[in-house]
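Understanding the architecture of this molecule
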Amino acid sequence: MSWAVYAVRGPGGVRRLEDMPDGYEPPSVGLATDVIDVVREVVPDLDVTKPSWLTLRSDDYDVEMTIGKGVQVRDITFYLNDGPRSIPIVMEISRRLGLTPYDTESGDFLTEESRPPVPPPLTDDEIKANKPKWWKFGRA
């Protein structure tokens, strides 16, 4: 399960996503090519096979990020595939781009102490669907 972090240049003083004014249009972060260049300064082996969906992987982090398909980038969504281990790289990229990263689950801005959401418990139907069948394992 990935953890979504939304990064944007919000109006001053906004500490939670829910405090963003209705209809707020974030200013441009820059051209997509410029954003990619900044990310590449932090992650030299950045995968830009699909320029609107960037992949950042190493032993220290596993992140995918969307910058949109437009020429101008107005916001970025990071998908952290390995939980809090990837927070430092997300925070560094956000800092260099002048963005505030927000945890989309809690709505709070991201910090080093942030943690991914805990998945809800399985329902009875999900438990039944995932329960192994005894005959698939044979008998002792």
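Provided above is the structure to which this section pertains.
What you see as residue numbers is a count from 1 along each chain, following the sequence as written. Two thresholds apply to this predicted model, a pLDDT of at least 70 for residue-level local features and 80 or more for giving and counting side-chain atom pairs, whereas whole-chain, interface and lining totals are computed over all residues. Think of the side-chain values as coming from all heavy atoms in the structure, minus any hydrogens and water.

1. Brief notes about the nonpolar core
Counted only if it meets this: Put simply, a nonpolar core is a bunch of buried Ala, Val, Leu, Ile, Met, Phe, Trp, Tyr and Cys residues held in one set by side-chain atoms that sit within 4.5 Å of each other. Accessible area is worked out with a 1.4 Å probe on protein chains only. A residue is then buried under 20% of its type maximum, exposed over 50%, and partly exposed in between. Per the convention used, a helix needs a DSSP run of H or I reaching at least four residues, while a strand needs a run of E reaching at least two, with both numbered from the N terminus. Between two residues, a contact is recorded if the distance between any of their heavy atoms is within 4.5 Å.
L56, M65, I67, I76, F78 and I93 are the most contacted members of the largest nonpolar core, which has 29 residues in total. When residues in this core are grouped by element, the largest group, six residues, is from helix α1 (residues 32-42). In this view, I93 contacts V39, V42, V43, L56, M65 and F78; residues no more than four positions away in its chain are not counted.

2. Considerations on α1
Put simply, the rule reads: The directions considered for the arc are those from the helix axis to the C-beta atoms.
Of the positions making up α1, those classed as buried are A32, V35, I36, V38, V39 and V42. Down the axis of α1, the smallest arc covering the buried residues is 160°, so these residues share one side. Residues of α1 that are exposed and point more than 90 degrees away from the buried face comprise T33 and E41.

3. With respect to the sheet that holds strand β1 (residues 3-8)
The condition that has to hold: Should DSSP find at least two bridges between two strands, the strands are taken to pair. Axes here mean lines fitted to C-alpha atoms, for a helix over just the part in contact, with angles spanning 0 to 180 degrees between N-to-C directions.
An order of β3-β4-β5-β7-β1-β8 is seen for the six strands of this open sheet, with the pairing classed as antiparallel. Every other strand in the sheet has two partners, leaving β3 (47-50) and β8 (100-103) as the edge strands with one partner each. On average, each strand axis in the sheet is tilted by 25° relative to the strand beside it, whichever way the strands run. Pairing of strand β5 (residues 62-66) with strand β7 (residues 75-80) involves four bridges; the strand directions are antiparallel. Counterpart to M65 in the pairing with β7 is F78. Against the sheet, helix α2 (residues 87-97) touches β1, β4 (53-57), β5, β7 and β8, its axis set at about 170° to β7.

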